[in-house]
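Chain by chain, the residues run as shown.
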Amino acid sequence: RPDPVPAAPGGPERSSPGHEAEAGSGAPPGRPRTKFSAAQLQELERSFREQRYIGASEKRRLAAVLNLSQSQVKTWFQNRRMKFKRETQDAR
């Protein structure tokens, strides 16, 4: 049965301090996080191992093969380079 107590002002609807940066991160409003399939990740990782920076033609090819947008492929590569950078710095 539903909870009879109404939500308090400043409850879950309101943004809590520290979340303003997420809201203004430049992502389109309401766009859910992309959940990549195992097959998509395998192909993206394979391509990343070959070349850390993706060219326009490879980006178009991957987007078409993996049924993703070119923006999603580009963003995945940017994020993967940052992860690679963190991992290599942590190893030192």
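As named in an unreviewed UniProt entry, the protein is VEX1 protein, taken from Anseranas semipalmata.

When helices and strands are counted, the protein shows 4 helices and 0 strands. In sequence order, the secondary structure elements of the protein are arranged as α-α-α-α. Counting the 92 residues in the protein, one finds 20% classified as buried. Contacts in the protein between residues far apart in sequence, at least 24 positions, make up 53% of those at least 6 positions apart. Summed over all atoms, the accessible surface of the protein reaches about 7,700 Å², with 52% contributed by carbon and sulfur.

Right, let's talk about helix H4 (residues 70-91) for a bit. Helix length check: H4 (22 residues) gives 32 Å between terminal C-alpha atoms against 32 Å at 1.5 Å per residue, within 8%. Those residues of H4 that fall on the buried side of the exposure criterion are Gln-72, Val-73, Trp-76, Phe-77, Arg-80 and Arg-81. Where the residues of H4 are buried, they touch helix H2 (38-50) and helix H3 (56-66).

Calculation rules
- Residues numbered from 1 in each chain as written.
- Predicted model: local features only at pLDDT ≥ 70, side-chain atom pairs only at ≥ 80, totals over all residues.
- Heavy atoms only, no water.
- Helix = DSSP H or I, 4+ residues; strand = E, 2+ residues; numbered from the N terminus.
- Buried < 20%, exposed > 50% of the residue type's maximum accessible area, 1.4 Å probe, protein only.
- Contact = heavy atoms within 4.5 Å.
- Areas by Shrake-Rupley, 256 points an atom, 1.4 Å probe, with all protein chains shown as cover.
- Expected span 1.5 Å × (residues − 1).

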